[in-house]
Amino acid sequence: MGEQVNHIPYGRTQRQLYRRKIQQCLDVFEAMLAQSDFDCAQPLTGMEIEGNLIDGDYRPAMSNSDVLATIDDPAYQRELGAYNIEFNVPPRPLCGRSGLEWEAEVRSSLNAAEAKARADGARIVMIGILPTLMPEDLAKDWMSDSARYAALNDSIFAARGEELAIEIDGPEPLSLYAATIAPESACTSMQLHLQVSPAQFADHWNAAQVLAGPQLALGANSPYVFGHRLWSETRVELFAQSTDTRPDELKNQGVRPRVWFGERWITSIFDLFEENVRYFPSLLPEVSDEDPAAELAQGRTPQLAELRLHNGTVYRWNRPVYDVVDGRPHLRVENRVLPSGPTVADMLANAVFYYGLLRSLAHQRRPLWSQMSFAAAHANFRAAARHGIDARLYWPELGEVSVAELTRRELLPMARRGLDEWGVAAEVSDRFLGIIEGRVAAGRNGATWQVSTVRALQAQGMSRPDALTEMLRRYCAQMHTNQPVHTWH
C-alpha cells in the first residue's frame, strides 16, 4: 500500500492544510506534464504478486512479521493482513526471451521464500481469496503491524460512522457485518505495471479499461468467501464493499465508491488525478515539508507526496501512478484487475497476454474505445466478475459473444500482433498464449477448478469445510508443479 504514515488524530487544521497542499500538488503536476522530461525511453513492465500464508492445517497463519524476517529480502513486504505478503518483481523490458527468464526468476524467488517460510511453520499460497479463511479468523490480531493500515482502518470507519455491511449475492449469498476493514485483507491480487509517456498514457489507460472484462473472465480465481460460493471473482465485490466509506444515504445520493472502475474515457492522466482530488476526501491527510512549486522552479523533480498518497487510497482497477526514480519522474498504468495464482505459469500467461493486447489496442488508428461506450466496458467487467470464463461480453462488431469466441477470434490474434510489435520472441508468445488458448479450450480457470473440485468432494460425502481444506491441499500441490490450471484434474 505504499508510504508509511504517522498514526495520529487528524485535526481540522491539518485537514485544511492538506486540502491546500494537494491542490498545489495537482497544479504542479499539470505544469510538469506540459514541460518536464519524463523517463519513458525504454518502456518497462513490472509485477507485484500478493500471497497468503497458511499453516500445516491449511488455515491462515497470522505470522507475516516472522516470515518476512526469515525471508530477509526487500522484494517481500507485508500487506494488510498478518497472513498476507507481497512479492515485488523487479521491472524489465518485455522484448526477446525475457518472458521465459521472468518466469524462471519468479519461480526461483517464490520457491526460496517458501522454503524459508516453512521454517516458521508457514507456507505461501497464491490464490485470489483463501478458501479456508473464516470470519472468526479476522476477529482479532488479523492486521499487520503498520501505522498506515491502522490509520486507514480508523479513517474509513470515521467516514462511515457505522459497521461495514457485506452483502454479496450468488449461488450461496453472503451477509455479514464487519467492525474493521479485515475482509479487505482476503482479497489478494497481482498487479501489472507499464511505464508510458504522458502523451501515450490516455490511450494505454483506455485500452486497459476495455481489456478489464476479458482479463478477469479468463483469470478468475476467487469463487469462495467465508465458506460461501459466490462469484467467479468474488474478490471484486468483496474489495469494493470492505473499503466503502459511504453509508447508505451517500450511496443513494450517487456518491462515488473508492473502489472504482471509473465513468468515462480520458484524454490525459491529469483527468484521473483531478477526479481523485475533486471526488474523494482524504483518508490519510499527511502533509510533507516539500514545496512542490519551489522544487519545480529550481529544476528539481517534486515528489508530490500528498498527491501520491491520496492516489493510493482511491482504488481504481486501472490506477495511474506518478513516481520518481533517481531524480527522474515517470508514469505507469497499474493494472489491478487480476487475482493472484494459480501458478507462476498462469500468472505470466495473464501478464504476457495483457501486455500484447495493450500494445495492439493502444496503437490502433481507430481506437476500440471510440466504438463502445464506457458503460459497456464496465458492464463487461461486472459480468466477468460474476460469471468468469462462462460470461458473455460485448465487443464492437461482434455484439454479445462468449469469452471463448471473443478470445479465439479477436484477443489471441491481437495479443500476438502486439507481442510481435514488442519484439517478443516467438517461443515466448507460443508458450504463454498457448496457456490462454488451452484455458479457453478446456473451459477451465482457477475459479472453475475450485468449484468443480469442491463439488466432487462434497458429492463423496465431505462437509463443506473439509472439502475446502482438501481442495486447497490439492491446489497447493499442483501450484508447485507449475503446470497451468487448465491441465489440473
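Parameters at a glance
Residues numbered from 1 in each chain as written. Predicted model: local features only at pLDDT ≥ 70, side-chain atom pairs only at ≥ 80, totals over all residues. Heavy atoms only, no water. Phe/Tyr/Trp six-rings, centres within 6.5 Å; stacked < 30°, edge-to-face > 60°. Helix = DSSP H or I, 4+ residues; strand = E, 2+ residues; numbered from the N terminus. Buried < 20%, exposed > 50% of the residue type's maximum accessible area, 1.4 Å probe, protein only. Lys NZ or Arg CZ within 6 Å of the ring centre and 35° of its normal. Pairing = 2+ DSSP bridges. Expected span 1.5 Å × (residues − 1). Contact = heavy atoms within 4.5 Å. Salt bridge = Lys/Arg side-chain N within 4 Å of Asp/Glu carboxyl O. Axes fitted to C-alpha atoms, helices over the stretch in contact; angles between N-to-C directions. Parallel < 35°, antiparallel > 145°, perpendicular 65-115°, else oblique. Nonpolar A, V, L, I, M, F, W, Y, C, P; charged D, E, K, R; others polar. Left-handed = near helix turned anticlockwise from the far one by under 90°.

J.: Got a minute to help me understand the packing of aromatic side chains in this structure?
T.: The geometry of an aromatic ring pair is captured by the separation of the ring centres together with the interplanar angle, meaning the angle of the planes. A full pass over the atoms with the stated rule returns 18 aromatic pairs. Judged by centre distance (5.8 Å) and plane angle (70 degrees), the rings of F239 and W317 are edge-to-face. With F239 in helix α6 (residues 235-242) and W317 in the loop between β11 (315-316) and β12 (318-325), this residue pair connects regions lying 78 residues apart in the sequence. With 6.0 Å between their ring centres and 85 degrees between their planes, W260 and Y279 make a pair best called edge-to-face. One end of the pair, W260, is in strand β10 (residues 259-260); the other, Y279, is in helix α8 (residues 269-279), and 19 residues separate them in sequence. Under the relative-accessibility criterion, W260 is labelled buried at 6%. Y279 gets classed as partly exposed once you look at its relative accessible area, which sits at 24%. One aromatic cluster is present, built from ring pairs that chain together W205, F239, F261, W265, Y315, W317, F374 and F381. Cation over ring: R278 sits above Y279, and NZ or CZ is 5.1 Å from the ring centre. Taking the ring centre of W422 as reference, the NZ or CZ of R359 above it sits at 5.2 Å.

J.: What's the story with the pairing of strand β6 (residues 174-178) in this structure? I'm lost.
T.: Two faces make up the sheet, and in a regular strand the side chains alternate between them. Of the two faces of β6, only one is covered, namely that formed by L174, L176 and A178; the face formed by S175 and Y177 stays uncovered. Here five bridges tie strand β5 (residues 164-168) to β6, and the two strands are oriented antiparallel to one another. Bridged to A165 within β6 is Y177. Turn length for the β5-β6 hairpin, with the two strands adjacent in sequence and antiparallel, is five residues, and the turn residue G170 shows positive phi of about 140 degrees.

J.: Can you help me understand helix α12 (residues 374-387) in this one?
T.: Every α-helical turn comprises 3.6 residues, leaving residues that sit three or four positions apart pointing alike. Given a rise of 1.5 Å per residue, 14 residues ought to cover 20 Å, and the 20 Å separating the end C-alpha atoms of α12 matches this to within 8%. Along α12, the residues classified as buried are F374, A376, A377, N380, F381, A383, A384 and A385. On the buried face of α12, the contacting elements are α5 (198-219), α6 and β14 (392-395). After α12 finishes, the residue G388 shows a positive phi value of roughly 60 degrees.

J.: Please explain the pattern of salt bridges as it appears in this structure.
T.: Pairs may arise between side chains of opposite charge once their charged atoms sit close together. Under the definition given, this model contains 32 salt bridges. Residue E237 pairs with R382 through a salt bridge whose shortest N-O separation is 3.0 Å. Of this pair, E237 sits in helix α6 while R382 is found in helix α12, placing the two residues 145 residues apart along the sequence. Owing to a relative accessible area of 13%, E237 belongs among the buried residues under this scheme. You can call R382 partly exposed: its relative accessible area is 29%. For the salt bridge of R308 with D323, the shortest nitrogen-to-oxygen distance reads 3.0 Å. Note that R308 is positioned in helix α10 (residues 305-311) and D323 in strand β12, a separation of 15 residues in sequence. Here the residues in one salt-bridge network are D244, R246, D248 and K251, joined through shared partners.

J.: Hey, could you run me through the packing of helix α3 (residues 98-118) against helix α14 (residues 426-442) in this one?
T.: Two measures define how a pair of helices packs: the angle their axes make with one another and the distance between the axes. It is at 8 Å that the axes of α3 and α14 come closest, and there the two elements cross at 55 degrees. Considering their axes alone, α3 and α14 lie oblique with respect to each other. On α14, the residues that touch G99, L100 and E103 of α3 are E427, V428, R431 and F432. Counted by class, the contact of α3 with α14 contains three nonpolar, one polar and three charged residues.

J.: Sorry, what's going on with unusual backbone geometry here?
T.: A negative phi angle is the norm for most residues apart from glycine, just as the trans form is the norm for most peptide bonds. The omega torsion across G341 and P342 is -5 degrees, close enough to zero to call that bond cis. For P342, the position within the fold is in the loop between β13 (328-335) and α11 (344-362). A positive phi angle is found at D141, which is not glycine, with a value near 55 degrees. One can find D141 in the loop between β4 (123-125) and α4 (147-160). Here D141 falls in the exposed class, since its relative accessible area comes to 64%.

J.: Just checking my understanding: could you explain the packing of α3 against α11 for this structure?
T.: The geometry of α3 relative to α11 is characterised by a closest axis approach of 10 Å and an angle of 145 degrees between their N-to-C directions. The handedness of the crossing between α3 and α11 is right-handed. Facing α3, whose interface residues are G99, W102, E103, V106, R107 and L110, α11 presents V344, A345, L348 and Y355. Its residues assigned to classes, the contact of α3 with α11 shows seven nonpolar, one polar and two charged.

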